[in-house]
Amino acid sequence: TPSTFTISQLSKEFGITTRSIRFYEDQGLYNPRDGQKRIYTAHDKTWLKLILRGKRLGLTLAEISQILDLYDSSASNNDQQLLVFIEKIKTRKVALKQ
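On a predicted model such as this, the values are computed, not experimentally measured, just so you know. (Residues numbered from 1 in each chain as written. Predicted model: local features only at pLDDT ≥ 70, side-chain atom pairs only at ≥ 80, totals over all residues. Heavy atoms only, no water.)

Caption draft 1: Examining the packing of aromatic side chains more closely. Overall, the coordinates contain two aromatic pairs when judged by the stated rule. Centre to centre, the rings of F23 and Y24 are 5.8 Å apart; their planes meet at 65°, and the pair counts as edge-to-face. Residue Y24 is classed as buried on the basis of its relative accessible area of 10%. Between Y30 and Y40 the ring centres are 6.3 Å apart and the planes differ by 70°, which places this aromatic pair in the edge-to-face class. One end of the pair, Y30, is in the loop between α2 (18-26) and β2 (33-34); the other, Y40, is in strand β4 (residues 40-41), and 10 residues separate them in sequence. (Phe/Tyr/Trp six-rings, centres within 6.5 Å; stacked < 30°, edge-to-face > 60°. Buried < 20%, exposed > 50% of the residue type's maximum accessible area, 1.4 Å probe, protein only. Helix = DSSP H or I, 4+ residues; strand = E, 2+ residues; numbered from the N terminus.)

Caption draft 2: Layout of the nonpolar core. Membership of the largest hydrophobic core comes to 21 residues, with the highest contact counts inside it found for I21, Y24, Y30 and L48. Listed by contribution, the elements that provide at least two residues to this core are α1 (7-14), α2, α3 (42-56) and α4 (61-73). The element contributing the most residues to this core is α4, with five residues. Apart from residues no more than four positions distant in its own chain, I21 is found in contact with I7, L10, S11, I16, Y30, Y40 and L48. (Core = buried A, V, L, I, M, F, W, Y, C linked by side-chain atoms within 4.5 Å. Contact = heavy atoms within 4.5 Å.)

Caption draft 3: Focus on the environment of A42. Summarising the element assignment, A42 is placed in helix α3. You can call A42 partly exposed: its relative accessible area is 44%. If sequence neighbours within four positions are ignored, A42 has contacts with S3 and F5.

Caption draft 4: The arrangement of the environment of Y24 in detail. Tracing the backbone through its elements, the reader meets Y24 in helix α2. Sequence separation between Y24 and D34 is 10 residues, and the spatial gap between their C-alpha atoms is 17 Å. Non-local contacts of Y24, meaning those with residues more than four positions away in its chain, are made with L29, Y30, L48, I51, L52, K55 and L61.

All we've got here are geometric facts, nothing functional implied.
Right under this line is the structure:
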């Protein structure tokens, strides 16, 4: 597997538009920049996958960003990451039932 990806490759793989990928970047959820050129790493690809999963669950971009921040802050923070994520899902479940 390659270690870097183009926006077109990610768009095709995830079935979303390149505009969507750039939108998430503009929202500050990741930064695939190398000067003026966008270079997406395996980390960016993983982040995009997590963003899309969060969107499918109905989470807001702010909630997704909070979860991603937990993953970025510490590899030893797994318990807190999981608890925050579970709480977000429970809250979303209650909202959907209403």
